[in-house]
Amino acid sequence: MCGIVGYMGPKEAAPILIKGLHRLEYRGYDSAGIALINGNGKLSIYKTKGKVANLEKLLSDKDVSGCVGIAHTRWATHGEPNEANAHPHLSEHNNIALIHNGIIENYKALKEELVSKGYHFYSDTDTEVIVQLIQYIMDTHKISLTEAVPQALANVIGAYAIAIIDKDNPDVMIAARKGSPLIVGIGKDEFFIGSDATPIVEYTDKVVYLEEGQIALMERGKELQVTDLNKINISPVVKKLEISLEEIEKGGFADFMLKEIYEQPQTLRNSMSGRLHPDLGEVRLSGIIDNKEKFLNARRIIICACGTSWHAALIGKYMIEEIARIPVEVEYSSEFRYRNPVIYDDDIVIAISQSGETADTLAALKLARTKGAFLFGICNVVGSSIPRETDSGCYTHAGPEIGVASTKAFTAQVSTLALLALSLAKEKGTIDDATRLRLVAELQRIPDKIEKILKHDRNISMLAPIFTYARNFIYLGRGYNYPVALEGALKLKEISYIHAEGYPAAEMKHGPIALIDEELPVVVIATRKGKYDKIVSNIQEIKSRKGKIISIVTEGDVDVRKISDWSFEIPDTEECFVPLLSTIPLQLLAYHIAVVKGRNVDQPRNLAKSVTVE
Ligand code: F6R
């Protein structure tokens, strides 16, 4: 949440910062701001409510000169989205500017103290206390900014990623992190700061991922210096960025979400590459091979996740229990972390997260760590916090996902879980060789089958206008398609703002059936494998109450098509891999309905991509 970008070097900072904000806008987009130390040594701050485009408009007739600056795009936590609450925030003497991502938990107490000492506040944010505290420490101890920052941060409780510039030290930029991600990019005689790699990738592939409690001091003409909060020097580990510019641009698609839906055949190939060996009928996941004994002796697996990743976890549960016969519990991270769960030291806790930064999932892991469980991560963003917090894991390799609604990251999570289940099944000997060979060969064919489904996109887009009237949708599925129903409903609600609920189809009789009338669209995932006859009966029940049925069926289906108002076919596959296919038309349906309704699908209201606050 919140995008942070900073630049210091020989170039003009403003164009780099604005472009960076556009790239980061998916993290939050209710207000934006920029601070620059102009060529004449003046510190200029410009802020606006709304999107980065508004800020750009505001800057058109302003002095945006200067080779050092910071900029921010906000997802409001404390204080409504308005100009006053937008970042950067300024210190009492108007010389220090600071931007922040995270939440300062003790801000009220700090604010009261600072107010009593004569410091003035003009926003409702928690952020403003950090910059005022730094100023206060500088004033009272007569010390430099560099010295004051660690002292101030030692008094702050909560999560932060911050970037700071100082009018009186135009050749210095400071960044620090605790609980919220922050990256420093190193170019030729220049430094970049980013809350993720997207604003940096265009300029350099050399980055340092700041660790918890680290402060980065960037000084013109000097090497990057990193210290901890006790001012102990740390040698920064410079890593090579693994994403390309192409991956974070729209590449001719109208929206990132559509591009990412279309990328899925390739992202699945990437996520399985080097791991799936159809020639040998095997899966090789180094995270499992290296920790074979742990997995073989595990009492159970607990998967913690949020949102779409939680839906992938549910599919993973079905796969692992069916194929590898290990009991799996799926937990919402936010519930798990606060309810004193029973965790044994022979449990394996798996965290699934696209961003690798979700605050509740990180906290769930930290709790599991205290109980001695083995921690395994399934994440997309390389170098993010969860992979660094876990004992082992595997990346999903879906590439950067910019659309706020998760699509390609979800299918990559599911395919990674399929690999994990197959790999565990081999180690445990829970399926025979012929079954394993068949499943491995079929998993290899999934990307081609997704390509086939994508060819029907036009049919789905033509259907979308029919549903602009709808205020509610129900999604039903059984077995492996139940989590798909949940995911389909989530996609629709988050980008079209139409209320949608997913249910296990048989649960309908226990309440939701009361909602069905001639206006209610009901999406039923009724693929042939699984409890086909049962779901046909469920559809009949809806039909007889005049519900409008949109079904997802297996190629060649006759029975369900006959009783549906609209149907979309997907190729046949093994039952456990059906979610990888049945999800695709639901992503497209949500996308096209949202487009017809005129929504901003990449940046839906109130949402942000990376939920780094609880
Ligand atoms: C929905 C969506 C969210 C995320 C959730 C967890 O489309 O994207 O529900 O799945 O916020 O995020 P990660 O996977 O980054 O932990």
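Scroll up to find the structure this text is about.
For clarity, every value in this text was computed on a predicted model and none was experimentally measured.

*Asks:* Explain the site of the ligand to me, please; I cannot follow it from the model alone.
*Replies:* Around the ligand lies a shell of 15 residues, among which Ser309, Ser353, Gln354, Thr358 and Glu494 are the nearest. Here an oxygen atom of the ligand sits 2.6 Å away from a polar atom, N or O, in the side chain of Ser353. Within the backbone of Gln354, an N or O atom sits 2.7 Å from an oxygen atom of the ligand. Of all the secondary structure elements, the ones that give two or more residues to the shell around the ligand are α10 (307-324) and α17 (481-496). When the residues that make up the shell around the ligand are grouped by side-chain class, the tally is 5 nonpolar, 8 polar and 2 charged.

*Asks:* I keep staring at the side chain of Glu128 and nothing clicks. Help me out?
*Replies:* Structurally, Glu128 can be placed in helix α4 (residues 128-141). Although Glu128 lies buried, it forms no salt bridge, and the closest oppositely charged side chain, Lys111, sits 5.2 Å away as judged by the N-O distance. What Glu128 contacts, discounting residues up to four positions off in sequence, is His89, His120, Phe121, Tyr122 and Ser123.

*Asks:* Help me out: how do you make sense of the pairing of strand β6 (residues 96-101) in this one?
*Replies:* Moving residue by residue along a regular strand, the side chains alternate between the two faces of the sheet. Extensive coverage of β6 is indicated by the burial of 6 of its 6 residues. Residues Ile96, Leu98 and His100 point to one face of β6 and Ala97, Ile99 and Asn101 to the other, with burial holding for every one of them. Summarising the sheet, strand β5 (residues 89-90) and β6 pair through 2 bridges and their orientation is antiparallel. Of the residues in β6, the one forming a bridge with His89 is Leu98. Taking the residues between adjacent antiparallel strands as the criterion, β5 and β6 are bridged by 5 residues, where Asn94 takes a positive phi near 60 degrees. Bridging between β6 and strand β7 (residues 160-166) involves 6 bridges; their strand directions are antiparallel. Paired with Leu98 across the bridge in β7 is Ile164.

*Asks:* Explanation requested: the packing of helix α3 (residues 107-116) against α4 in the structure shown.
*Replies:* A pair of packed helices is captured by two measures, namely the crossing angle of their axes and the spacing between those axes. Interaxial distance between α3 and α4 falls to 10 Å at its minimum, and their mutual angle equals 45 degrees. In terms of their interaxial angle, α3 and α4 are classed as oblique. The way α3 lies across α4 gives a crossing that is left-handed. Counted together, Tyr107, Leu110, Lys111 and Leu114 of α3 and Val129, Gln132, Leu133 and Tyr136 of α4 form the full contact between these two elements.

Analysis parameters
- Residues numbered from 1 in each chain as written.
- Predicted model: local features only at pLDDT ≥ 70, side-chain atom pairs only at ≥ 80, totals over all residues.
- Heavy atoms only, no water.
- Near = heavy atom within 4 Å.
- Polar contact = N/O pair within 3.5 Å; in protein donor to acceptor, adjacent residues only side chain to side chain.
- Helix = DSSP H or I, 4+ residues; strand = E, 2+ residues; numbered from the N terminus.
- Nonpolar A, V, L, I, M, F, W, Y, C, P; charged D, E, K, R; others polar.
- Buried < 20%, exposed > 50% of the residue type's maximum accessible area, 1.4 Å probe, protein only.
- Lys, Arg positive; Asp, Glu negative; His and termini not counted.
- Salt bridge = Lys/Arg side-chain N within 4 Å of Asp/Glu carboxyl O.
- Contact = heavy atoms within 4.5 Å.
- Pairing = 2+ DSSP bridges.
- Axes fitted to C-alpha atoms, helices over the stretch in contact; angles between N-to-C directions.
- Parallel < 35°, antiparallel > 145°, perpendicular 65-115°, else oblique.
- Left-handed = near helix turned anticlockwise from the far one by under 90°.

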